[in-house]
Structure formats: structure tokens, C-alpha cells
Amino acid sequence: MPYAAIELKDPHSPFNIKYGDFYFSRQGPEAESSHVFLMGNRIAQRWIGKESFTIGELGFGSGLNFLNTVRLWLQSPQASDQLHYLAWESDPLAPNTMEEILRPFSELTPLFEELKPQLPPPLPGIYSIDLNGGAIKLILIYGDARKTLPQTCVQVDAWYLDGFAPRVNPELWERSLLYEVAKRTKAGGTVATYSAATQVRLNLTAAGFQVKRCKGFAQKREMLTGYLEKKIPDLDHPWGCPEPRTSGKEVIILGAGLAGSTLAHHLSQKNWEVRVYDRHLIPAAEGSGNRGGILFPYLSLNHEAQSQYFWAGYQFTRNLFRSLRHQGKPIGGSEMGMLILEQKNGDMARWKKYSERYGLPTQWFQLVDAAKASHHAKFPLKRGGVFLPSGTWISPQDFCHSLMQGNGITFVGGKSISRISQKAGYWNVHDASGNIIDQAPWLFLANAMGMTQLLPPRSWGLSPVKGQVTYWQPSPKRIAPQSILCGGSYMIPHSEGRWEMGATFERSIEDLSVRQADHQKNWSPLNEILSGVPEELPESQLSGRVAVRACSKNRWPILGPVHQESGLLVSCAHGSKGLLSAPLGAECLARFLNNEPIPLSMSMMRSLSAPIQENL
């Protein structure tokens, strides 16, 4: 999915080579955007006093319509509390190209500066972006809208139809696609487009909209607007619709690791009263308690649904990490880049095929030989591989502690929960003596393997996996690599001079002690790719940590409501990919509870909740 090829002789008239069409009018792009979409949908009047307002756009392009809408929202004191904006795009523009196109519109520059570093790679998928402290939620859906729109669960207040002209891009104006638009439109929702083509008008009418011609922008004689009087029957939402609780936004979360802390953070941002229980005295005392964890995307040659989920999670966590650090949160970590080094014959050929198939730009993906890999690492390496400039390491422990410090979050440590029960619409949690110590209308299980003990006899397809990490404190004279290394195991060069390596993967959890043999398991693969290092590490310079992770059979996390009407939800089985999957999963569950657009396809939601449904 390479970036769109354009001609930009004049910033006011960027030209898409593939479609042979201009992105917007030469006679005032901002004014055109306001006339056609903001005024055509009566946006300024309709979002007044609403808790949230949702806009959908077919054809994101340069982002001009989105930024123009955001500007109006920020300038409107009575606008909705939250703005949701979903955009479908099959031909994304490179961020630097967008910046060049938008440069003449000086009032939009500060808004784009916040958006630009969060823009996703040009890969098919659904990407969630927060702006303005989370008050503005942008969901970008990359891919063919004819395939992705029918997979989207959303109810929209106003639609911007801004694809290239029907004569050059007829697929985006097909009757079947516009019917999918109508199915995702609220009763009283609207649609607007610059196009006045007869077939577009007929297709919108056939989809259920009451359509009329209006005065077009500038010298264009006409445009179209539409209105949906009656709601088309609801979509079959894979997670259903949560029933409102009489007591409002009050929730208990069991587990204070990555799953629980990210849930607490996202719900507190939506003004929920959150209480988190954990059997340990501090958050992140088990599987999420390592000093370092690596954050990198899932490079699957087929880029199937699981790969798309982890790419989206990678982008979401990286943006959240940046946001928390910008707020001054003391979270260890660095966007220092990552090298995934060749381990066996065929690796380089597979990565080359991946590069050719998806055409990722160099800021996301680089094939490198041993010399170039050594240059990036500033350390002699024996093999080449893939360099990911955006590869990041984060301290999961710091991350969890920072997330738990939000307003409205109460942490209760040192409490073992023996069972849960439900009565009169409330969930009760019982301590080790069987006494009820708290109750709330909503309950989240984010306690990994502990979930199986609270909901017996279900196994949920979970299995415990032991992992040991190794910490090596070499002599101060030894210079560490300056990028994260992966090759059989991973190595994170901490700023204080310590090398963190890991992690073992062992099904047996009978012995949870730190073992010298497992230190060597972590070190041996790295020894094969590093030059000038000892074959074995001195035991006196080593320390480590052992924890148990919960993993599912299919390596998907388990996410979703147990019963749509019961108020019980689950987030677990994030395994060794907790940093990739837990924050995005928490955002999706928080949006589910608030009846907001969820940045997942319907097939993804079914995959994530499949073990729940199988165990009901």
C-alpha cells in the first residue's frame, strides 16, 4: 500500500496521478470544505450541547476536511463534549506531502503538528488517534472502503462523501457502498458531497436518503445533501450493546498489570469512578513488572487480521507513551530503533518479499546487511536483518504506575479476591474470608490466570507460561549497542548501562526461581550475533526476574463482554505482547461501555471474544 503519487506544482491544486483528479478546488480549499461539508451537514448547529458527535468521511486525502472540522469544533463553545471522526482511505498521502499541501493554511498548522507524528504506516488496518487530550478521537481505516466499511460498527451523525470524482473513481460511489453508509447513519443523520452527478443522487436515494440539490461552491452550479429520516435496522454488533446501569459510571477492575492499569486509565479519562484490586501491594507486580519491554509491530507476510491488530496496537501504545512522557510522567524507555537480525536461512528472503509486497517507506522498515546493522547499532554485528527506526522499549512497570495515577482511580493493594457474585444488577467481590468488600454495576477481569479461578470450570483456553529475563551489568568500559536487538532473544540497552535480555518461554511453572541455565538461554542467541562479547556471562554480574504470563491457544488476546447484559467484561491473554495489545484493547472496551465508535472490525471483535462465547 504505497503512499499516493501526486503532482504538487501548486499547493492549492494537488493532483493525484493514479486517479487523474485534483484533491480540492483551486478557488479556496478551506472555503470549499466549509461550504460543502460543514454547512451542507449543518454541523455547527447540530453538535450544540451533545455529549458526542460522530462524523464519517469517505476519502481522507490531505486531512483538510478533518482539520477544518476540528478548527470549527475548537472555536465553538457549545460544541459537543467529544468529537469522533472516522475516515476511510485507500490511497494515503505521506505525512510530509500532507504537510506541504496544508502549509498555505496557517490556521491549520498547529492542528496538523499534533496529528502528524501519530499518523500510521501505509498498511491496511484500523488506527486510533487521540488529539486535544483525547477529546477528539480520529479513526483512520486504510483499505478498500467496499471491504472495510461493511466491517465497521459505527453510527454516524454526518457523512462527508469526498472521494475522487465518480467518472474516475466510480467504486466509491456505488449503490451497494452508499447503502452501507446509510446502515451506519443515525436517524436524522445527514450526508453531503460536492458531486451532483445523477447516478450519485440516484444511489443515495436508493440507499434511503432524502436527497436534494443545493448551490455548489464557487463556480460549481450544484452539490448534493441528504437526510435519513428513519434508522435502517441496527447492525449485528459482535459485542452487542451494553445495558445502562442505574448507578452510572462505576467499575471494579481485578488486576493491576498492563490490562488492568490501561483499562483504569481509559475509563478514568471518560469520567468513570474506577477501583482496582490486586493481591500485591503495588501495581505491576507480576507479568507486567519487568523493567523493560519491547514494542515493535508484527511483520506477517499476509498481514492478516492478527497482524493488523498488533500493528494498530503498536501505533496506539507508542502514541500513548509519547503523550504520557510529554505530560512529565517518569516512564523509562526510548524510541531508539530496533534491529531484527537474521536467525535462519530464509529470513532475509521473507523480509525482502514483505518489503516488496507492502512498500513501506524507510522511516518504517529498512532491509540492512551486517555492515548497515552495525552502523545503526553502533556496535559490531555478525548478521543483517530488518531495521525498524520507530522500534521502542518501554518500562511496563513505570507505564502501569503512571497509568494508575489518573483522577478517579483508587488502587487497593494486598487484597486477594476469592470469588465474585452478582445480585440485583451489581457485581460483588469477596475477600479471602468470603466477605463482600466492594460492589459495582460493572466488573472487569484483567487478572490473567486468576480469571479461570473466578469463573470455573471454564478454562478459557488459557495456559500459564513462565518467562525469565536476565539483567547483565557489564564493566563500564564496555559500550552497549545503541538500538534494541532481536534475534532468538531480545536485548535492551538500558540508559544506566545495564543490558536486559529475555525472555524464556516455558510451559512448566513448577519452579519459579531465577536460574543460571535460563540466563544462558537468553544470552546464547545474542552471543551468536554480537561481536567481541564473552561466550558465557559471569554469574556474579547477573540478576533476573521470573513471572508467569497467560497465553491463549491462538495467540489472540481475549477481549470483550462475557454477557452483554450482565456488566461483566474480560481483558486477558495478552501474553508476551502485552504492550502491543493491552492499551488498544482497553481503549476498545472503554469505548464499548460509552457507546462510542470502536476501532476494530467486526471480524476482529469476533476473534477477540471467541473464547468467551465458546465458554458460555
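Whatever comes next refers back to the structure up there.
As a convention, each chain's residues are numbered from 1 in the sequence order in which they are written. Predicted model: local features are reported for residues with pLDDT of at least 70 only, side-chain atom pairs are reported and counted for 80 or more only, and whole-chain, interface and lining totals are derived from all residues. The side-chain quantities take in all heavy atoms of the structure and omit both hydrogens and water.

(A) Seen up close, the packing of aromatic side chains. For Phe, Tyr and Trp, where Trp contributes only its six-membered ring, two rings pair if their centres lie within 6.5 Å, and the inter-plane angle classes them as stacked under 30 degrees, edge-to-face over 60, or tilted in between. Inspection of the entire model under this criterion finds 24 aromatic pairs. Sitting over the face of the ring of Y471, R498 holds its NZ or CZ atom 4.5 Å from the ring centroid. A cation sits over an aromatic face here: K577 above F310, 5.6 Å from the ring centre. We call a charge positioned over a ring when the NZ of a Lys or the CZ of an Arg lies within 6 Å of the ring centre and within 35 degrees of the ring normal.

(B) Representation of the pattern of salt bridges. Only one rule defines a salt bridge in this text: a Lys or Arg side-chain nitrogen within 4 Å of an Asp or Glu carboxyl oxygen. On inspection of all chains with the given rule, the structure shows 28 salt bridges. Between D130 and K137 there is a salt bridge whose closest N-O contact spans 3.0 Å. Categorising residues by exposure relies on relative accessible area from a 1.4 Å probe, with only protein chains included: less than 20% of the type maximum marks a residue as buried, more than 50% marks it as exposed, and the intermediate range marks it as partly exposed. Overall, the relative accessible area of 3% leaves K137 in the buried class. Put simply, K466 and D518 hold a salt bridge, and the shortest N to O gap is 3.8 Å. Highlighted residues: K466 in strand β25 (residues 462–472) and D518 in helix α15 (residues 516–527), separated in sequence by 52 residues. Only DSSP runs of H or I with at least four residues qualify as helices, and only runs of E with at least two residues qualify as strands; both kinds are numbered from the N terminus onward.

(C) Expanded view of the environment of A371. Within the secondary structure, A371 sits in helix α12 (residues 370–377). Separated by 10 residues in sequence, A371 and L381 have C-alpha atoms that sit 7.5 Å apart.

(D) Just the sheet that holds strand β2 (residues 15–16), in detail. Between any two strands, at least two bridges found by DSSP are needed for them to pair. The sheet built from three strands is open, its strands ordered β1-β2-β3 with antiparallel pairing. In the strand order of this sheet, the two ends are held by β1 (6–7) and β3 (21–22), each with one partner. In terms of strand pairing, β1 meets β2 through two bridges, oriented antiparallel. Counted as the bridge partner of I6 is N16 from β2.

(E) Examining the side chain of H494 more closely. Note on placement: H494 falls in the loop between β27 (490–493) and β28 (499–502). Judged by relative accessible area, which is 7%, H494 ranks as buried. For this analysis, a polar contact is any N or O atom pair within 3.5 Å, provided that within protein one partner can donate a hydrogen and the other can accept it, and provided that sequence-adjacent residues contribute only side-chain to side-chain pairs. Here the side chain of H494 touches E500 through a polar contact of 2.8 Å, side chain to side chain. Residues within four places of H494 in sequence aside, it is in contact with R291, G292, W393 and E500. It only takes one pair of heavy atoms within 4.5 Å for two residues to be counted as in contact.

(F) Main features of the nonpolar core. F66, L115 and I253 are the most contacted members of the largest nonpolar core, which totals 150 residues. Take this core: its biggest share by element is 10 residues, from helix α16 (residues 578–593). The residues contacting F66, other than those within four sequence positions of it, are E57, F60, Y85, L115, L131, I136 and L138. Residues L254, A440, M451 and A550 belong to the second largest nonpolar core, which totals 23 residues. The term nonpolar core refers to a set of buried residues drawn from Ala, Val, Leu, Ile, Met, Phe, Trp, Tyr and Cys, joined through side-chain atoms within 4.5 Å.

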